[in-house]
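Architecture at a glance
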Amino acid sequence: RYHGDSPLLCGLVHNGLVTARAYRQNETFAAAVQFAHTEGIIPAPEPPHAIKATIDEALAAREAGEHARPSSTGRWRRCRTRPP
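Residues numbered from 1 in each chain as written. Predicted model: local features only at pLDDT ≥ 70, side-chain atom pairs only at ≥ 80, totals over all residues. Heavy atoms only, no water.

By the secondary structure assignment, Thr28 is in helix α2 (residues 25-39). Here Thr28 falls in the buried class, since its relative accessible area comes to 5%. Within the structure, Thr28 has its side chain in polar contact with the backbone oxygen of Gln25 (distance 2.8 Å). Non-local contacts of Thr28, meaning those with residues more than four positions away in its chain, are made with Tyr23, Pro48, His49 and Lys52. (Helix = DSSP H or I, 4+ residues; strand = E, 2+ residues; numbered from the N terminus. Buried < 20%, exposed > 50% of the residue type's maximum accessible area, 1.4 Å probe, protein only. Polar contact = N/O pair within 3.5 Å; in protein donor to acceptor, adjacent residues only side chain to side chain. Contact = heavy atoms within 4.5 Å.)

If you want it as structure tokens, here you go:
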């Protein structure tokens, strides 16, 4: 189902807690391929949008001379689902 107009998401954007971004499918696919080559994990169809945003934030931090804060392992945080 489509969550782009959910009241919860709209409330988060309206209150300035999150910023909405739009990416083209090819951009997110390229980010997923980069993630797979870097981490050795093939992401599901939904995470590449967040992966693309994370890459963009890291590149912006690099250009601004800031250090991106890595996860506790110094790598991408991994989400794993538990079997039912």
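Moving on: the pattern of salt bridges. Taken as a whole and assessed by the stated rule, the structure comprises two salt bridges. Residue Glu57 pairs with Arg21 through a salt bridge whose shortest N-O separation is 2.2 Å. Pair noted here: Glu57 is in helix α3 (residues 48-63) and Arg21 is in the loop between α1 (7-14) and α2, with a separation of 36 residues, a long-range link. Look at Arg21 and you get partly exposed, because its relative accessible area is 42%. A salt bridge links Asp56 to Lys52, with the shortest nitrogen-to-oxygen separation between them at 2.9 Å. With Asp56 and Lys52 both in helix α3 and four residues apart, this pair spans about one turn of that helix. Note on Lys52: relative accessible area 16%, which makes it buried. (Salt bridge = Lys/Arg side-chain N within 4 Å of Asp/Glu carboxyl O.)

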